[in-house]
Amino acid sequence: MENNEYIKKIPCTIFGFTGPVAAGKTECTYNLTGKWTTQHSSEKKRNMSRKSGYAGLKIWKDNNDKLYSTDSSIQKFSLIDFVDNKLKKIFKKLKKNIKEINYIFKSQGKYKLKNINEKDTEKFLAKITEQNNKIIEYLKNIYEENDYNDDRDCIEILQTFENIITELSDLEKMLNLEFELINHLSIIDCPGHHEVMDTMLTNVDIMSNTIIIVSASIPIKLQPQLKQHLAAIKMSGIRNIIICINKIDLVDKNVVKSVKNDLDDLLDKLDINPKIIIPTAFKKKVGHQTLLKSIIEYFPSNSNLNGNNNNNLIGQISRSFDINKSNQSYEKIKGGVLGGSIILGSLSLDSEIEIRPGRVVKNKNGLLCKPLITKVMSIKSEKISIEKAFPGCLIGIGTLIDPYCCKGDELVGNVFGLKGNMPNVYYPDITINFKICKELGYDWKISKNDKVNFQIGTLTIRNCNLKNIIKNKKNNKIAVFTLSQPCCFDENNNIIISKKTLDGIKVIIGYGNMTSGDIVNLT
């Protein structure tokens, strides 16, 4: 498939909105795509994102190099709807102004404005232009006959209709613009509250780029989750970072400068170098063009479509669903659906894939892992059915798996790929070479039987026990940990280590990589 044809249907890169709560991440998603990602009832009730939101973003460019953004469903972009709405507002303005004219010039008789019932936008524009020109001609005749040319109020009335000529001319130019699709991306809107830190960590590993949103109306020191999100981004190896200082319309310039200086200090402390920092006010679309230009410049697309083949397919599962309705006939029941992204290779319709660790069951000898083998029945990206998917997009995979096994994100953290060509599953013990990050504000003094949490890919593993300390140097620590559940990954995977503080808030304390581990014999 040609690249330009591919991006019309399917996103070619993934980026996530990260940052503290109430900074404007969901607002920015809506500003770019027109989609409000807080869908769950509990989110609407508390006005706070608790689950990750997903959207598709298309960026278009007109022949004047101005950029526009829509959601993924738009196949051919135009400004007809925008122009049509503007024309309706202008016609209402004409009606209002005619009432004012008839009141002022009662002696001249009543001027009647013809009603326009026209669905074709170009004809609608032509008829409004014609009526506006007639009104201007009518006013000029009155002014000449009655010597109103020096009357200030009359001059302002005439100027109002002459300004409408400029508005109509601009709208006519918009109708003649041509648009080109520049990029197509998948968006993950991560919640920022400390209660749902796990949700953010689950998604950070499948992003290749991120936009960090910071509020200008809150001092940096009062946005503690910002430091945690920055740490997770750094530890996941994300280098394509855009930062938006949002809500600049709510504060004065000096406050914005103060927030920017504090942010620079924090970034220096964590050794993070963003590509650009943009002042924004999403509700008023301040910084909108700069943000779109930066996304195009700094978030590269996956252009090597032909180089991604099925032989080394690896993907991560970030959601899983049972899409069947209750009391549905067994003849209409469909298999479970997996949500996630491809890390390596490509996935084709009708392929047979393996999911590891799969079902984990307890027996008298401990835990038993049963990988799931299934045929790919469908692949969708933003409700668009496709036959083949590559890295760079969020996809939904229809399978033949028992929907009960997929219900309620049951398979989140699993890895899918081709049978016989997948990473090992490790349990119970793994050895990790890791580093503690004191700059995050938590100095972990490691000791045996400490309980920590691991984030490995999309899998959150809680209450991992520190079994044995092998090396305890300042910048190099090696220890054996006992996992609380099996995990499929390889030595190249980053492991983010977190721990709950005394007040119950999860904080990131370090990161590392596995050096060895107990490999599970799969059944």
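Because the structure is a prediction, the values reported are computed rather than measured. (Residues numbered from 1 in each chain as written. Predicted model: local features only at pLDDT ≥ 70, side-chain atom pairs only at ≥ 80, totals over all residues. Heavy atoms only, no water.)

S.K.: What is the right way to look at the sheet that holds strand β2 (residues 53–62) in this model?
M.R.: Strands belonging to one sheet form pairs held by backbone hydrogen bonds; the direction of such a pair is parallel or antiparallel. Pairing in this open sheet of seven strands is mixed, and the strands run β3-β2-β4-β1-β5-β6-β7 from one edge to the other. If you trace the sheet from one side to the other, it starts and ends with β3 (67–70) and β7 (276–279), each paired once. Along the sheet, successive strands turn relative to each other by an average axial angle of 25°, direction set aside. Sheet topology places β2 next to strand β4 (residues 179–189); 10 bridges connect them, and they run antiparallel. Its bridge partner being in β4, Ile59 is matched across the sheet by Asn183. Running over the sheet, helix α8 (residues 224–235) touches β1 (13–18), β5 (209–215) and β6 (240–246) and is turned about 170° from β5. Its contacts with the sheet place helix α9 (residues 253–270) against β5, β6 and β7, and it is angled at close to 155° to β6. (Pairing = 2+ DSSP bridges. Helix = DSSP H or I, 4+ residues; strand = E, 2+ residues; numbered from the N terminus. Axes fitted to C-alpha atoms, helices over the stretch in contact; angles between N-to-C directions. Contact = heavy atoms within 4.5 Å.)

S.K.: Got a minute to help me understand the environment of Asn85 in this structure?
M.R.: Mapped onto the elements of the fold, Asn85 is located in helix α4 (residues 80–104). On the basis of relative accessibility, which here comes to 44%, the residue Asn85 falls in the partly exposed class. Sequence separation of Asn85 and Ile7 is 78 residues, and the distance between their C-alpha atoms is 29 Å. (Buried < 20%, exposed > 50% of the residue type's maximum accessible area, 1.4 Å probe, protein only.)

S.K.: What is the right way to read the nonpolar core from this model?
M.R.: In globular proteins that are soluble, nonpolar side chains generally tend to be buried together. Counting 62 residues, the largest nonpolar core has Ile101, Ile128, Ile135, Leu139, Phe161, Leu347 and Phe416 as its most contacted members. The element that contributes the greatest number of residues to this core is helix α5 (residues 121–146), accounting for nine residues. Discounting residues that sit within four places of it in the chain, Leu139 has contacts with Ile101, Phe105, Ile157, Leu158 and Phe161. Counting residues in hydrophobic clusters, the runner-up holds 35 residues, among them Cys190, Ala232, Leu263 and Ile272. (Core = buried A, V, L, I, M, F, W, Y, C linked by side-chain atoms within 4.5 Å.)

S.K.: Explain the packing of aromatic side chains to me, please; I cannot follow it from the model alone.
M.R.: Centre distance and the angle of the planes are the two values used to describe a pair of aromatic rings. Enumeration according to the criterion identifies 12 aromatic pairs in this entry. Note on Phe77 and Phe179: the rings are 4.8 Å apart at their centroids and 85° apart in plane angle, and the pair reads as edge-to-face. Within this pair, whereas Phe77 is found in the loop between β3 and α4, its partner Phe179 is found in strand β4, the two being separated by 102 residues in sequence. Cluster of aromatic residues (ring-pair linked, three or more members): Trp60, Tyr68, Phe77 and Phe179. (Phe/Tyr/Trp six-rings, centres within 6.5 Å; stacked < 30°, edge-to-face > 60°.)

S.K.: Could you clarify how one ought to interpret the pattern of salt bridges in this entry?
M.R.: Oppositely charged side chains are able to pair whenever their charged atoms sit close together. Evaluated as defined, the whole model comprises 14 salt bridges. Two residues, Lys284 and Asp249, come together in a salt bridge whose shortest N-O distance is 3.9 Å. Here the residue Lys284 occupies a position in the loop between β7 and α10 (288–298), and Asp249 occupies one in the loop between β6 and α9, the gap between them amounting to 35 residues. A residue is classified by how much of its surface remains accessible, and Lys284, at 57% relative accessible area, is exposed. (Salt bridge = Lys/Arg side-chain N within 4 Å of Asp/Glu carboxyl O.)

S.K.: For this particular structure, what's the right way to read α4?
M.R.: Because the α-helix completes a turn every 3.6 residues, residues three or four places apart line up on one side. Compared with the 36 Å implied by 1.5 Å per residue over 25 residues, the 36 Å span of α4 between its first and last C-alpha is a close match. For α4, the set of buried residues is Val83, Asp84, Leu87, Ile90, Phe91, Leu94, Asn97, Ile98, Ile101 and Asn102. (Expected span 1.5 Å × (residues − 1).)

S.K.: Can you walk me through the sheet that holds strand β11 (residues 352–363) in this structure?
M.R.: Across the sheet, eight strands lie side by side as β12-β11-β17-β8-β9-β16-β13-β14; this open sheet has antiparallel pairing. One side of each edge strand has no neighbouring strand; the edge strands of this open sheet are β12 (366–375) and β14 (384–386). Looking at each pair of strands side by side, their axes are set apart by 40° on average, direction ignored. Of the strand pairs in this sheet, strand β13 (residues 378–381) and β14 are connected by three bridges, and their pairing is antiparallel. Counted as the bridge partner of Ser381 is Ile384 from β14.

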